[in-house]
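Fold and geometry: a report
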Amino acid sequence: MPAPIRLRELIRTIRTARTQAEEREMIQKECAAIRSSFREEDNTYRCRNVAKLLYMHMLGYPAHFGQLECLKLIASQKFTDKRIGYLGAMLLLDERQDVHLLMTNCIKNDLNHSTQYVQGLALCTLGCMGSSEMCRDLAGEVEKLLKTSNSYLRKKAALCAVHVIRKVPELMEMFLPATKNLLNEKNHGVLHTSVVLLTEMCERSPDMLAHFRKVGLVPQLVRILKNLIMSGYSPEHDVSGISDPFLQVRILRLLRILGRNDDDSSEAMNDILAQVATNTETSKNVGNAILYETVLTIMDIKSESGLRVLAINILGRFLLNNDKNIRYVALTSLLKTVQTDHNAVQRHRSTIVDCLKDLDVSIKRRAMELSFALVNGNNVRGMMKELLYFLDSCEPEFKADCASGIFLAAEKYAPSKRWHIDTIMRVLTTAGSYVRDDAVPNLIQLITNSVEMHAYTVQRLYKAILGDYSQQPLVQVASWCIGEYGDLLVSGQCEEEEPIQVTEDEVLDILESVLISNMSASVTRGYALTAIMKLSTRFTCTVNRIKKVVSIYGSSIDVELQQRAVEYNALFKKYDHMRPALLERMPVMEKVTTNGPTEIVQTNGETEPAVLETKPPPSGLQPANQANDLLDLLGGSDITPVIPTAPTSKPASAGGELLDLLGDLNLTGSPVSAPAPQIAQPPFLLDGLTSQPLFNDIAAGIPSITAYNKNGLKIDFTFERSNTNPSVTVITIQASNSTELDMTDFVFQAAVPKTFQLQLLSPSSSVIPAFNSGTITQVIKVLNPQKQQLRMRIKLTYNHKGSAMQDLAEVNNFPPQSWQ
Amino acid sequence: MIKFFLMVNKQGQTRLSRYYEHVEVNKRTMLEAEVIKNCLSRSKDQCSFIEYKDFKLVYRQYAALFIVVGIDHTENEMAVYELIHNFVEVLDKYFSRV
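Summary of the structure given here. Note that the structure is predicted; figures quoted are calculated from it, not measured.

**Comments concerning the overall build of chain A**
Assigned secondary structure in chain A consists of 33 helices and 10 strands. Scored against the burial criterion, the 820 residues of chain A give a buried share of 55%. Looking at chain A alone, contacts between residues at least 24 apart form 69% of all its contacts between residues at least 6 apart. Only carbon and sulfur atoms are counted for the fraction: they give 51% of the accessible area of chain A, which is about 35800 Å².

**A closer look at the environment of Ala 521 of chain A**
All names here are of chain A. The topology assignment puts Ala 521 in the loop between helix H28 (504-516) and helix H29 (522-538). According to the relative accessible area criterion, Ala 521 is partly exposed, its value standing at 32%. Distance in space between the C-alpha atoms of Ala 521 and Gln 472 is 7.1 Å, their sequence separation being 49 residues.

**Observations regarding the sheet that holds strand E6 (residues 743-751) of chain A**
Residue and element names in this part refer to chain A. Across the sheet, which stays open at both edges, the 3 strands sit in the order E6-E9-E10 with antiparallel pairing between neighbours. Lying at the two open borders of the sheet, with one neighbouring strand each, are E6 and strand E10 (803-811). Averaged over all pairs of adjacent strands, the angle between their axes in this sheet comes to 15 degrees, without regard to strand direction. Two strands pair when backbone bridges link them, and strand E9 (residues 792-800) and E10 are joined in this way by 9 bridges, in the antiparallel orientation. Residue pairing in the sheet places Tyr 798 in a bridge with Met 805 of E10.

**Examining the interface of chain B and chain A**
Counting residues at the interface gives 28 residues for chain B and 32 residues for chain A. Of the roughly 2700 Å² buried between chain B and chain A on both sides combined, carbon and sulfur atoms contribute 50%. If you sort the residues of chain B by the area they bury against chain A, Asn 76, Met 78 and Glu 82 of chain B come out on top, with a joint share of 22%. Connecting chain B to chain A are 2 salt bridges.

**Things to note about helix H13 (residues 217-230) of chain A**
Over its 14 residues, H13 of chain A runs 20 Å from end to end, which matches the ideal 20 Å to within 8%, given 1.5 Å per residue. The inward-facing, buried residues of H13 of chain A contact helix H11 (188-204), helix H12 (206-214), strand E2 (242-243), helix H14 (245-259) and helix H15 (263-279) of chain A.

**Quick word on unusual backbone geometry**
One non-glycine residue, Asn 711 of chain A, lies in the positive phi region at around 55 degrees. Within the secondary structure, Asn 711 of chain A sits in the loop between strand E3 (705-710) and strand E4 (713-721). If you check the backbone angles, Ala 63 of chain B has positive phi at about 50 degrees while not being a glycine. The exposed category is assigned to Ala 63 of chain B, whose relative accessible area is 72%.

**Notes on the sheet that holds strand E7 (residues 757-760) of chain A**
Residue and element names in this part refer to chain A. Pairing in this open sheet of 5 strands is antiparallel, and the strands run E3-E4-E5-E8-E7 from one edge to the other. The sheet is open, and its two borders are formed by E3 and E7, each paired with just one other strand. Sheet twist, expressed as the mean angle between neighbouring strand axes with direction ignored, is 20 degrees. Sheet analysis places strand E5 (residues 728-737) next to strand E8 (residues 775-783), joined by 9 bridges and oriented antiparallel. Paired with Ile 731 across the two strands is Ile 780, which belongs to E8.

**Description of helix H18 (residues 324-337) of chain A**
Residues and elements named next belong to chain A. The terminal C-alpha atoms of H18, which comprises 14 residues, lie 20 Å apart, in line with the 20 Å expected from a rise of 1.5 Å per residue. By the criterion of burial, H18 is predominantly enclosed, with 12 of the 14 residues buried. Listed as buried for H18 are Lys 324, Asn 325, Ile 326, Arg 327, Tyr 328, Val 329, Ala 330, Leu 331, Thr 332, Ser 333, Leu 334 and Thr 337. With a side-chain oxygen positioned 3.2 Å from the backbone nitrogen of Asn 325, the residue opening H18 is Asp 323.

**Quick look at a negative patch on the surface**
Together, Asp 263, Asp 264, Glu 267, Asp 271 and Glu 304 of chain A make up a region of like negative charge exposed at the surface. Note on placement: Asp 264 of chain A falls in helix H15.

**Describing the pattern of salt bridges**
Tallied over the full model, the rule gives 39 salt bridges over all chains. Residues Arg 46 of chain A and Glu 41 of chain A are paired through a salt bridge, measuring 3.8 Å at the closest nitrogen-oxygen approach. The residue Arg 136 of chain A makes a salt bridge to Glu 170 of chain A at a minimum N-O spacing of 3.7 Å. Taken as a pair, Arg 136 of chain A in helix H8 (residues 132-146) and Glu 170 of chain A in the loop between helix H9 (151-167) and helix H10 (176-179) lie far apart in primary sequence, 34 residues in all. There is no split in this pair, since Arg 136 of chain A and Glu 170 of chain A are both exposed. Via salt bridges that share partners, Arg 253, Arg 256, Arg 260, Glu 293 and Asp 300 of chain A together with Glu 75 of chain B belong to a single interconnected network.

**Describing the environment of Asp 438 of chain A**
Looking at the element boundaries, Asp 438 of chain A is found in the loop between helix H24 (417-431) and helix H25 (439-449). In sequence terms Asp 438 of chain A and Ser 404 of chain A are 34 residues apart; their C-alpha atoms lie 9.7 Å from each other.

**Side note on the packing of aromatic side chains**
In this structure the tally under the stated criterion is 14 aromatic pairs over all chains. Ring geometry for Phe 49 of chain B versus Tyr 81 of chain B: centroids 6.3 Å apart, planes at 80 degrees, classification edge-to-face. Taken together, the residues Phe 49 of chain B in strand E3 (residues 49-52) and Tyr 81 of chain B in helix H2 (residues 77-95) connect sequence positions 32 residues apart. Of the two residues, Phe 49 of chain B and Tyr 81 of chain B, both sit in the buried class. Among the aromatic residues, those joined into a cluster by ring pairs are Phe 4, Tyr 19, Tyr 52 and Phe 55 of chain B. In this structure, Arg 35 of chain A is placed above the aromatic ring of Phe 65 of chain A, and the distance from its NZ or CZ to the ring centre is 4.3 Å. One cation-aromatic arrangement involves Arg 60 of chain B over Tyr 81 of chain B; the distance from NZ or CZ to the ring centre is 4.2 Å.

**What about the pairing of E3 of chain B?**
All names here are of chain B. The sheet contact formed by E3 and strand E4 (residues 55-62) spans 4 bridges and is antiparallel. When the bridges of E4 are listed, Ile 50 appears paired with Leu 57. Between E3 and the antiparallel strand that follows it, E4, lie 2 residues; Lys 53 among them carries a positive phi value of about 50 degrees.

**Section: the packing of H13 of chain A against H14 of chain A**
All names here are of chain A. Following both chains from N to C, one finds H13 and H14 inclined at 155 degrees, their axes separated by 10 Å at the closest point. It follows from the interaxial angle that H13 and H14 lie roughly antiparallel. As for how H13 packs across H14, the hand of that crossing is left-handed. Taking contact as the criterion, the partners of Leu 217, Val 218, Leu 221, Ile 224, Leu 225 and Leu 228 in H13 are, on H14, Leu 247, Gln 248, Ile 251, Leu 252, Leu 254, Leu 255 and Leu 258.

**With respect to the pairing of strand E1 (residues 2-9) of chain B**
The side chains of a regular strand alternate between the sheet's two faces. Residues and elements named next belong to chain B. E1 sits mainly inside the fold: 7 of its 8 residues count as buried. As defined by bridge partners, E1 adjoins strand E5 (residues 65-71) across 7 bridges and the pair is classed as antiparallel. The partner of Phe 4 across the bridge, within E5, is Gly 70. Bridge count for E1 against strand E2 (residues 14-19) is 5 bridges, and the pairing is antiparallel. Following the sheet pairing, Met 7 is matched in E2 by Leu 16. Hairpin connection of E1 to E2: 4 residues between the antiparallel strands, including Gly 12 at a positive phi of 95 degrees.

**Some remarks on the state of the cysteines**
Residues and elements named next belong to chain A. Per the stated rule, a full pass over the model turns up 0 disulfides over all chains. Cys 124 forms no disulfide, and the closest cysteine sulfur to it belongs to Cys 128, at a distance of 8.3 Å. Residue Cys 124 is classed as partly exposed on the basis of its relative accessible area of 31%.

**A short note on the packing of helix H16 (residues 285-300) of chain A against helix H17 (residues 305-320) of chain A**
Residues and elements named next belong to chain A. Relative to each other, H16 and H17 sit at 140 degrees, their axes nearing to 9 Å. By the criterion of interaxial angle, the relationship of H16 to H17 is oblique. Of the two elements, H16 crosses H17, and the hand of that crossing is left-handed. Seen from H16, the contacting residues are Asn 288, Leu 291, Tyr 292, Val 295, Ile 298 and Met 299; seen from H17, they are Leu 307, Arg 308, Ala 311, Ile 312, Ile 314, Leu 315, Arg 317 and Phe 318. Of the residues contributing to the contact of H16 with H17, the split by class is 11 nonpolar, 1 polar and 2 charged.

Thresholds, definitions, all that
All residue numbers refer to position in the chain's written sequence, counted from 1. Going through the entries in the order they are written, you letter the chains from A and number the ligands from 1. The predicted nature of this model means local features are confined to residues of pLDDT at least 70 and side-chain atom pairs, given and counted, to a pLDDT of 80 or more, with totals for whole chains, interfaces and linings taken over all residues. No hydrogens and no water enter the side-chain calculation; it runs on all heavy atoms of the structure. By definition, any uninterrupted DSSP run of H or I lasting at least four residues is a helix, any uninterrupted run of E lasting at least two residues is a strand, and each is numbered from the N terminus. Relative accessible area decides the class of each residue, using a 1.4 Å probe on protein chains only: under 20% of the type maximum gives buried, over 50% gives exposed, and in between gives partly exposed. Should any heavy atoms of two residues lie within 4.5 Å, those residues are counted as being in contact. Surface accessibility in these figures is a Shrake-Rupley result with a 1.4 Å probe; residues are shielded only by whichever protein chains are displayed. Strand pairing follows a simple DSSP-based rule, namely that at least 2 bridges must link the two strands. Axis angles are defined between N-to-C directions and span 0 to 180 degrees, where every axis is a line fitted to C-alpha atoms and, for a helix, only to the segment in contact. By definition, the buried area sums, over both parts, the 1.4 Å-probe accessible area that each loses when the two are put together. Should a side-chain nitrogen of Lys or Arg be within 4 Å of a carboxyl oxygen of Asp or Glu, the pair is scored as a salt bridge. A helix's residues, less one, multiplied by 1.5 Å, set its expected span. Residues adjacent in sequence count toward polar contacts only when both atoms are side-chain atoms; beyond that, a polar contact is any pair of N or O atoms within 3.5 Å, and within protein one must be able to donate a hydrogen and the other to accept it. Within this analysis, patches are made of residues with over 30% relative accessible area and no salt bridge. Like charges are joined at 9 Å or less; nonpolar side chains (Val, Leu, Ile, Met, Phe, Trp, Tyr) at 5 Å or less. Asp and Glu count as negative and Lys and Arg as positive, but His and the ends of the chain are not part of the count. Here the site of a charge means NZ on Lys, CZ on Arg, CG on Asp, or CD on Glu. Stacked, edge-to-face and tilted labels apply to pairs of Phe, Tyr and Trp rings (six-membered ring for Trp) whose centres lie within 6.5 Å, assigned for plane angles under 30 degrees, over 60, and everything in between, in that order. A ring is scored as having a charge over it whenever the NZ atom of a lysine or the CZ atom of an arginine sits within 6 Å of its centre and within 35 degrees of its normal. In this scheme, roughly parallel covers angles under 35 degrees and roughly antiparallel covers those over 145, while 65 to 115 is roughly perpendicular and the rest are oblique. By convention the crossing between two helices is left-handed if the near helix lies anticlockwise of the far one by an angle smaller than a right angle, and right-handed if it lies clockwise. The criterion for a disulfide is a pair of cysteine sulfur atoms lying within 2.5 Å. Classification used: nonpolar for Ala, Val, Leu, Ile, Met, Phe, Trp, Tyr, Cys and Pro, charged for Asp, Glu, Lys and Arg, polar for all others including Gly.

Set out below in structure tokens:
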């Protein structure tokens, strides 16, 4: 059989292959030749064959049949054989193969070989692929070699020790004594690998870390680093004018680990860090690499503030550099430090904002994240402008994140409501389809709460969807607003902007086209239908048209739409008298914030906010519709002063302490500006709009009672029960004054036993005029799930005849129909 | 920590590969193809650090050859960038015709 070709030939041949298939053919032919050669047990050419096999393995072809051959090569005495054998072992073998254990003995012998190169080979291989058993067996040998004076071997032994520690952490202590002298070497190779070894030990075990701190490692490292910087030109270590930057970086990293959370070490290294930061040349990338590592170290240890400012200034300088890499690195580190050193980073805000316009994707992403972190109350207007511009021009993968970020920032720092709404509108129109789903209810809540902007908002939204109604979130918000505030739109009153003339028909046109359009999602259609329905109370001349639209969708294929349409139809036909009340304006919603409870417990456990009735906010958008007592569930006004208190000082009666859940919030007895009663989550709220079982409120003829009658003050209770939720009782109190002087500052408070829940809504006023000429009405909702007998303790405070009066009473004469 | 070290030419043929963590043989080719695709699509004035899956790629182009090093987040990217150049210089010195 002819001598197998040399590796060079093989490579040349493979290079000539022009297609993948050709290459594969050549390689397979060669593999076959190699395999037959192995079978012949030919010693002379084994090494050549294995070399070829390794090359083919690197190209990606299977080469496992060569593993055993590698072992044979390792066992041979020739150095060239050993060399290829070990290389093959490193590449082809790992602890998954059983064969590797056979190597252990070979390696052991070679570790004690007379030639250092052989020893070196063995160390390399062990350090590369040694399994835990092998490491355990051979750790002693490695440790011995760590103490030798031969620097060639010492550095390899150090790296091997790193691998051993990674595989078998318990053996770490064994290497500890050897490390004592490691740093006394002059040879940079040994220094470098020793630093790696020390780093590994410190990272793995806090005990080691403490030990090294005690033993004075930091001063040693500082000394070495100083020598490196101060020493003159040394040709063997020089890289672009800096002496051994790789070692410098390694030492800085080890210093970082040592100085973290440790004041003494941090203090010891302050000077050297400052020195490195100021003396390193920044014209080349090498210098910048060292500076980068220095900055990371300064940020991580407990450095003094002067040093930190220095570090941030370095990063700022990086940002101005032309090289992309450096800017990227600077942005990344600034992102890490912005939490802790916010003010310092603010100084570089303009540069960061410029980076938003960079061409590179990674840089843009970093700059965007950093910009969001830097937004605060002072700079929000300017930043928003930049960010909105960025949103316009950025790639789609950024848009969702950017939009959410803008919403968050706007929410936190909006200088005015109008600005806030403008910003949101801008985001919706530019990146409408990328906005996240939960943004829609948040926006709606925001719009509801900015009462004075309703007209402006609805006008702008109307104009926005007039041209284009493909962006779903925008259309959803717009249809909701048009439904709510359509009357404002048509009446053309708007202070902020030029009012536009819109007729009712035009509004209905746009909503209908949303309904019909193919681009609208099912959810959007639901919004539109409900909006049309709501307009039936707001608009005057187009009610018939609305009726027609609604009845068409009664036979829609979409179940959701169909249900809504059928219910709305029923509303037109059977419950027309309730329609206005049902479709009144939404109240100001309390924001469900994540920090801190601002809400009162939602009482009367409505799983369906059955009627989204509103007592209109007192700023009087709808002066005409006063509270419809019957269906007044949500008196969400900002003025409600009343929170019933728990009269905890009173000894409990047999019914246990009268505990009012609402009273939990306020035990001082003084009226607090009550957060409006919590309505369920906004999306939930909107669901309620749609899938509403009609609140069939039959005042089932429950007799009313006089709860209190003393000193001229009479309080009557009238009851209603809900058919849909039989554990809810709605009590309306009427307070009248038969004396000849008014009673002012009247406050009514109530408490119920623990098994009940109580919700007190705002009273109509706080003055009871004299001579029974007027009354104060207030609504109480009681949830009585266990159908226990209703009892209540009431407390009345008012001013009468110039003196403050206060009285407590218990009401026991509730009629059975009110709670059974 | 350095995960892998690759030298790939512009056509996507691997010239040198060294993995410091075990990766299946068939996955290697896939990985190399994806990596080189990412690097080829970058223009000259974009930065040399790419975020790829859960590690970073540092690449450097020398004529028709790309040297790509995959590192994890504990490593100093710029130091690795320098390392690549150092490596090339060493090769140049040793083989005198790189």
